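# Geometric and topological summary
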Amino acid sequence: MASIAPKESTMLYKAPFLSECDAMPEQTKHWITKGDKVLMPTYARFPLVLTQGDGATVADVDGNTYLDFVSGVAVNALGHCDPLLVNAVQDQAETLLHVSNLYYNLPQIQLAQALVEHSFADKVFFCNSGAESVEAAIKLARIYAHENMAGNQFEIITAEQSFHGRTLTALSATGQTKYQQGFEPLVPGFKHVPFNDIQAIETAVGPQTAAVMLEPIQGEGGVRVPSPGYLAAVRKLCDKHGLLLIFDEVQTGMGRTGHLFAYQDEGIEPDILTLAKGLGGGLPIGALLAKDKVALSFKPGTHASTFGGNPLVCRAGMAVLDRITQASFLKQVRERGADLWARFSDLRDKTGVITDLRGRGLMIAMDLAIPAIPVIETAMRRGVLLNRTSEKTLRLIPPLTIQAEEINRMYSILSAILVEQFNAKT
Ligand SMILES: Cc1ncc(COP(=O)(O)O)c(C=O)c1O
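Values in this document were obtained by computation on a predicted structure and should not be read as measured data.

## Quick notes on the domain arrangement of the protein chain
For the protein chain, the assigned domains read domain 1 (18–81 + 329–425) and domain 2 (83–324). Of note, the centres of domain 1 and domain 2, computed from C-alpha atoms alone, are 27 Å apart. Each partner contributes residues to the interface: domain 1 has 25 residues there, and domain 2 has 25 residues. If you list the elements that add at least two residues to the side of domain 1 that touches domain 2, you get α2 (71–74), α12 (329–350), β11 (354–360), β12 (363–368), β14 (387–390) and β15 (393–396). Considering each element in turn, the side of domain 1 that touches domain 2 owes the most residues, five residues, to α12. Taken together, the residues that form the side of domain 1 that touches domain 2 break down as 13 nonpolar, eight polar and four charged.

In structure tokens form, the structure reads like this:
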């Protein structure tokens, strides 16, 4: 597609949900009305129908354009329609789309090899989403415990405020009751402890414990960064008790924090790691990584996925991994993250609107003294897409290729909105 020139959005709407929107642009209204007739109402979507993307800019069906600081919830690592990613996918689509796992395919082997080369792991299992990679991690931990631990160990300790996905088992591992209500009974075998509290894990370890599973930085929980040394202490505790350490890097992995994987900044390694989101750069792929000691507990027939590791998504994964592992890529992620951090910490220090700022790399959240939804709505009207993790917490997760000029543009819009809405309230 041709490059999209940024322009001020002309969208006029009152609230982010259709029932309250009576002044949507014509095409937007037309498609949302059609969509709501046939799509299950699982999402409280913003009234935006997106049709095109280019770098960090997306366009809607009425021709408005937006700077995208959500990137499909930390998925579009290379931005929208990156030419090399598009070429790789086009080429693969013309070559071989799918063959199942009854046979080998080249992109699957090549992506697994690259992931192994760049991580602690010896083996990879491919699936299609973050929740599936967590599901696979839990199954692997259980079957490993079954074979290698002395008693009937199956329990996994996870953290409060964690998020591990929406399948019933990933949901049961998740430490947030708001996602679980109505779906009980949950899958047994999970104990939730406060995050960033090593003593809480020590206390929770019992005769049935097999593993500890943590996000190195909690994403959906509000970008909670643990204290320095916490993850290393968890590693030590797992070694002391003979437990597996699982890192859920579905959100933090693939360069998001300024390192290929967040654990690489901690001087330790997990036994099992989950990946998804940024790995496919927009195509649905998940991966489970593990050391041989653990991975070899999966035998033929113990776990499988029809689509897992198909040639198309693995070719996309190769294009993304190739780029992220190029010399200056992660340095630039850290630099752009530092730009964002400097600007918003200045705003925090000069005004009362930001009560807390957290994050690493291009994964930054801020707690606000005002509700986040009106900020997001106004930003959307002015041409910036933002995301929140709770009522008063905004999260910035732009493409990893975001430019300094785009950060400037977003900052001047967002800081003005924050100050306006804070002043109006106080
Ligand atoms: C840490 C973490 N794990 C798992 C998931 C679930 O991923 P998916 O939505 O691809 O199933 C998410 C999604 O936000 C996540 O952030």
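The structure having been displayed, the exposition proceeds.
## Quick look at helix α13 (residues 372–381)
For α13, the full list of buried residues reads Ala-372, Val-375, Ile-376, Ala-379 and Met-380. For α13, the angular spread of buried residues about the axis comes to 130°, placing them on one side. Close packing links the buried residues of α13 with β3 (65–68), β12, β13 (384–385), β14, β15 and α14 (404–425). Among the residues trailing α13, Gly-383 stands out with phi positive, at a value near 95°.

## A few points about the packing of α13 against α14
Packing of α13 against α14 leaves a shortest axis separation of 10 Å and a crossing angle of 135°. One element, α13, and the other, α14, form an angle in the oblique class. Regarding α13 and α14, the two cross each other, and that crossing is right-handed. Together, Pro-374, Val-375, Thr-378 and Ala-379 of α13 and Ile-413, Leu-414, Ile-417, Leu-418 and Gln-421 of α14 make up the contact between the two elements.

## A few points about the site of the ligand
By nearness alone, 14 residues border the ligand, and Gly-130, Ala-131, Gly-165, Val-250 and Gln-251 come closest of all. With three residues, helix α5 (residues 130–148) is the largest single contributor of residues to the shell around the ligand. Looking at the shell around the ligand, its residues break down into five nonpolar, six polar and three charged.

## Notes on the sheet that holds strand β7 (residues 209–214)
The strand order β4-β10-β9-β8-β7-β5-β6 describes an open sheet built from seven strands, whose pairing is mixed. The open sheet has two edge strands with one neighbour each: β4 (123–127) and β6 (190–193). With direction set aside, neighbouring strand axes in the sheet form an average angle of 20°. Examined bridge by bridge, strand β5 (residues 155–159) and β7 share three bridges and lie parallel to one another. Within β7, the residue paired with Ile-156 across the bridge is Ala-211. Sitting on the sheet, α5 touches β4, β5, β7, β8 (244–248), β9 (272–275) and β10 (286–290), and the angle it makes with β10 is about 30°.

Quick notes on the rules
- Residues numbered from 1 in each chain as written.
- Predicted model: local features only at pLDDT ≥ 70, side-chain atom pairs only at ≥ 80, totals over all residues.
- Domains from an automatic or database assignment.
- Contact = placed C-beta atoms within 7 Å.
- Helix = DSSP H or I, 4+ residues; strand = E, 2+ residues; numbered from the N terminus.
- Nonpolar A, V, L, I, M, F, W, Y, C, P; charged D, E, K, R; others polar.
- Buried ≥ 20, exposed ≤ 12 C-beta atoms within 10 Å, placed from the backbone.
- Arc of directions from axis to C-beta.
- Axes fitted to C-alpha atoms, helices over the stretch in contact; angles between N-to-C directions.
- Parallel < 35°, antiparallel > 145°, perpendicular 65-115°, else oblique.
- Left-handed = near helix turned anticlockwise from the far one by under 90°.
- Near = placed C-beta within 6 Å.
- Pairing = 2+ DSSP bridges.

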